[in-house]
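Structural overview
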Amino acid sequence: NLQVLNGSNTSERVFINNGECRRLLGFYSSTATSNEALKTFSERDMERLMDLLVKHSPALAALLKAIEYAIPCPSAYGPLLKSLSSQSPVCALLPPTQDVENLVNCLCSGVSIRGDPVLWKSLQNSIPVIFHLMLAMPSGTTSLPQPMNSVLDEMLKKSQLPFDKATQHPDTNNEGENVFCYFPTLNKCRDRGVFVADKQKKELLCCKDYRGHPYLLPGIFTMYCPHGICYGFQLMSSHESPNIPFTLMRTRFHRAPHTVIYDNGCNLHTYCLLRDPFFFKSTKFLVDRFHWSNHKGCSAGYRMDDYPQFIDLNSQINEQANAGIKRLKSQLSYMNFEHFMQHCKLYLWHRNFCTVKKLE
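Residues numbered from 1 in each chain as written. Predicted model: local features only at pLDDT ≥ 70, side-chain atom pairs only at ≥ 80, totals over all residues. Heavy atoms only, no water.

1. Description of the overall build of the chain
For the record, the criterion: The secondary structure listing takes helices from DSSP runs of H or I that are at least 4 residues long and strands from runs of E that are at least 2 residues long, numbered from the N terminus. A radius of gyration in this sense is built from C-alpha atoms; the matching globule rule multiplies 2.2 Å by the number of residues raised to 0.38. When a residue's accessible area, from a 1.4 Å probe over protein chains only, is under 20% of the maximum for its type it is buried; when over 50% it is exposed; and in between it is partly exposed. For this analysis, residues touch if any pair of their heavy atoms sits within 4.5 Å. For every accessible area listed, the method is Shrake-Rupley and the probe measures 1.4 Å; residues are considered covered only by the protein chains on display. A residue counts as positive if it is Lys or Arg and as negative if it is Asp or Glu; His and the chain ends are not included. Just so you know, the charge point we use is NZ for Lys, CZ for Arg, CG for Asp and CD for Glu.
When helices and strands are tallied, the chain shows 16 helices and seven strands. Taken over the C-alpha trace, the chain has a radius of gyration of 23 Å; the compact-globule value for 360 residues is 21 Å, and the two agree within 12%. Its C-alpha atoms put the chain at 65 × 50 × 40 Å along the principal axes. Here the chain holds 360 residues, and 47% of them are scored as buried. Considering only residue pairs separated by 6 or more positions, the chain has 69% of its internal contacts joining residues 24 or more positions apart. As presented, the chain carries roughly 19100 Å² of accessible surface, and 52% of it is formed by carbon and sulfur atoms. Counting 38 positive and 31 negative side-chain charges, the chain places the centres of these two groups 4 Å from one another.

2. Topic: the nonpolar core
Filter applied, for reference: In this description, a nonpolar core means a group of buried Ala, Val, Leu, Ile, Met, Phe, Trp, Tyr and Cys residues linked to one another through side-chain atoms lying within 4.5 Å.
If you look at the biggest cluster of nonpolar residues, it comprises 48 residues, and the most contacted ones within it are Leu60, Tyr77, Leu123, Ile130, Met148 and Met155. Going through the elements one at a time, helix H2 (19-30), helix H4 (43-56), helix H5 (58-66), helix H6 (78-85), helix H7 (98-108), helix H8 (117-126), helix H9 (128-135) and helix H10 (146-164) are the ones with two or more residues in this core.

3. What to know about H6
Counting buried residues in H6 gives six out of eight residues, a clear majority hidden from the surface. For H6, the full list of buried residues reads Gly78, Leu80, Leu81, Ser83, Leu84 and Ser85. Packing partners of the buried residues in H6 comprise H2, H5, H9 and H10.

4. A few points about a nonpolar patch on the surface
Rule in force here: To count toward a patch, a residue needs a relative accessible area above 30% and no salt bridge. Like charges then connect within 9 Å, nonpolar side chains (Val, Leu, Ile, Met, Phe, Trp, Tyr) within 5 Å. Salt bridge, as applied in this entry: a Lys or Arg side-chain nitrogen positioned within 4 Å of an Asp or Glu carboxyl oxygen.
On the surface, Val179, Phe180 and Phe337 cluster together into a nonpolar patch covering about 280 Å² of accessible area. Within the secondary structure, Phe337 is located in helix H16 (residues 337-359). Residue Phe337 is classed as partly exposed on the basis of its relative accessible area, which comes to 40%.

5. A closer look at the environment of Ile261
With respect to the helices and strands, the residue Ile261 is situated in strand S6 (residues 259-261). Residue Ile261 is classed as partly exposed on the basis of its relative accessible area, which comes to 28%. Separated by 155 residues in the primary sequence, Ile261 and Cys106 place their C-alpha atoms 30 Å from one another. Each residue touching Ile261, except ones within four places of it in the same chain, is listed here: Leu286, Val287, Asp288, Met304, Leu313 and Ser315.

6. Regarding the pairing of strand S5 (residues 230-236)
This is how the line gets drawn: Note: two strands are recorded as paired if DSSP finds a minimum of 2 bridges between them.
Buried residues dominate S5, accounting for six of its seven residues. Note that strand S2 (residues 181-182) and S5 share two bridges and pair antiparallel. If you follow Tyr182 over to S5, its bridge partner there is Phe233. Summarising the sheet, strand S4 (residues 219-224) and S5 pair through six bridges and their orientation is antiparallel. Residue Thr222 lies in a different strand from S5, and its bridge partner there is Phe233.

7. Quick notes on the pattern of salt bridges
One pass over the structure, following the stated rule, counts 10 salt bridges. The closest approach of N and O atoms between Asp171 and Arg190, which form a salt bridge, is 3.1 Å. Residue Asp171 is found in the loop between H10 and S2, and its partner Arg190 is found in the loop between S2 and strand S3 (194-195); the two are separated by 19 residues along the sequence. One continuous salt-bridge network, built from bridges that share partners, spans Arg192, Asp198 and Arg275.

8. A short note on empty space enclosed by the protein
Quick note on the threshold: Here a cavity denotes a set of grid points, spaced 1 Å apart and computed over the protein atoms alone, in which a 1.4 Å probe fits but from which it cannot get out, and a pocket denotes an open set meeting protein on both sides within 12 Å along at least five of seven lines; residues with an atom within 4 Å of a point are reported as lining. Grid points are joined across faces, edges and corners, and a volume is the space filled by probe spheres set on the points. In this classification, Asp, Glu, Lys and Arg are treated as charged, Ala, Val, Leu, Ile, Met, Phe, Trp, Tyr, Cys and Pro as nonpolar, and every other residue, Gly included, as polar.
Under the defined criterion, the tally for this structure stands at one cavity of 30 Å³ or more. Counted as a void, the largest cavity has a volume near 40 Å³. Lining the largest cavity we find Phe15, Ser83, Leu84, Ser86, Ser88, Pro89, Val90, Leu93 and Ser299. Among the residues forming the lining of the largest cavity, the class breakdown is five nonpolar, four polar and no charged.

9. Quick notes on the side chain of Arg190
The exposure class of Arg190 is buried, given its relative accessible area of 5%. Contacts of Arg190, omitting those with residues within four sequence positions, involve Asp171, Thr172, Asn173, Met249, Arg250, Thr251, Phe253, His254 and Phe279.

10. Looking at the sheet that holds S5
Test applied: Note on definitions: angles span 0 to 180 degrees between N-to-C directions of axes, and those axes are lines fitted to C-alpha atoms, for helices only across the stretch in contact.
With respect to topology, three strands assemble into an open sheet ordered S2-S5-S4, the strand pairing being antiparallel. The open sheet is flanked by S2 and S4, the only strands paired with a single partner. Strands in contact with helix H11 (residues 243-252) are S2, S4 and S5; relative to S4, the strand with the most contacts, it is inclined by about 50°. Lying over the sheet, H16 contacts S2, S4 and S5, oriented at roughly 155° with respect to S5.

11. Things to note about the packing of H11 against helix H12 (residues 265-275)
As a reminder of what qualifies: Put simply, angles under 35 degrees are roughly parallel, angles over 145 are roughly antiparallel, angles from 65 to 115 are roughly perpendicular, and the rest are oblique. Rotating anticlockwise by less than a right angle from the far helix to the near helix defines a left-handed crossing, while the corresponding clockwise rotation defines a right-handed one.
It is the contact of H11 with H12, at a shortest axis distance of 9 Å, that shows an interaxial angle of 55°. Here H11 lies oblique to H12, going by the angle between them. The handedness of the crossing between H11 and H12 is right-handed. Residues Asn243, Pro245, Phe246 and Met249 of H11 form the contact with H12, whose own contacting residues are Leu268, Tyr271, Cys272 and Arg275. Its residues assigned to classes, the contact of H11 with H12 comprises six nonpolar, one polar and one charged.

As structure tokens, this is what we get:
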């Protein structure tokens with residue numbers, strides 16, 4: 001008799017709801033940086049792209065008309081167009097906050113953002129893809145081209161759409177503590193819940209390859225704070241998937257974290273929006289620096305290096321800690337369950353103890 005909970009759908013999250021249109025727009029945006037794409041993208045492709053954009057995104061069609069259907073794609077517009085052609089949620093580019101909405105309204109009303117240090121810094125921290133677009137504008141330009149106003153307005157509406165009808169799911173805490181978890185300071189506060197999306201076909205924007213052992217478990221999933229303190233760990237029964245961090249955040253955080261940095265952050269963001277957009281509305285998802293080069297079809301909104309507020313943050317804390325855990329593999333692999341859990345607890349406690357000493 002469990003209540004099945006609903007989330008957002010694809011049409012509410014992506015900028016363009018037509019697959020062929022997204023493919024051609026992505027193809028066109030790649031001509032800004034790829035000689036191979038430039039050689040193969042034809043005038044016929046451009047004509048087809050424009051026909052589709054007129055139907056599915058008139059604002060973007062007007063923008064391409066304003067830049068005179070230039071081939072190759074102007075490098076200033078490449079990152080933006082590539083992001084809009086992806087299946088990533090638009091809210092990865094434009095967070096659905098009041099500050100971002102105010103920034104977009106300022107841009108669309110012709111306010112000289114570059115002449116206001118506070119607004120200029122806010123733009124860089126909140127919407128770096130637009131910040132870099134403005135940086136690439138000719139010297140003396142204080143505002144974006146007029147057709148960009150309609151694009152920004154459409155992006156803003158799309159970024160808010162997954163949350164417009166989102167409601168807070170009822171909190172229940174009927175299930176017992178998961179014995180395969182150990183989070184001493186994050187006690188379970190609610191059940192995970194059962195969602196409509198759990199029974200649907202998996203929607204993954206990026207794929208990761210795994211080399212697993214035929215008989216041993218894949219390992220443990222750890223979660224760290226920005227200072228390098230491990231909150232705890234989850235024993236994985238199958239290869240890592242967005243379900244693990246989703247379940248941990250939903251069951252152990254009273255409020256969703258403000259920022260989540262994860263090597264599979266793009267898929268985790270979509271996974272969360274499919275299930276509980278209300279809970280994760282204020283969460284910023286990013287891909288760590290080391291793994292970003294493997295993400296070819298994602299929105300630039302997940303690129304950590306574009307956000308100056310994270311420039312000094314070590315995004316490899318988890319990977320560095322896991323390297324230490326891997327040295328225990330030969331001992332852990334053949335322990336019984338009780339010894340395995342106690343060994344992991346002791347190791348992570350000692351690592352936290354040493355980290356705290358260094359911070360003092």
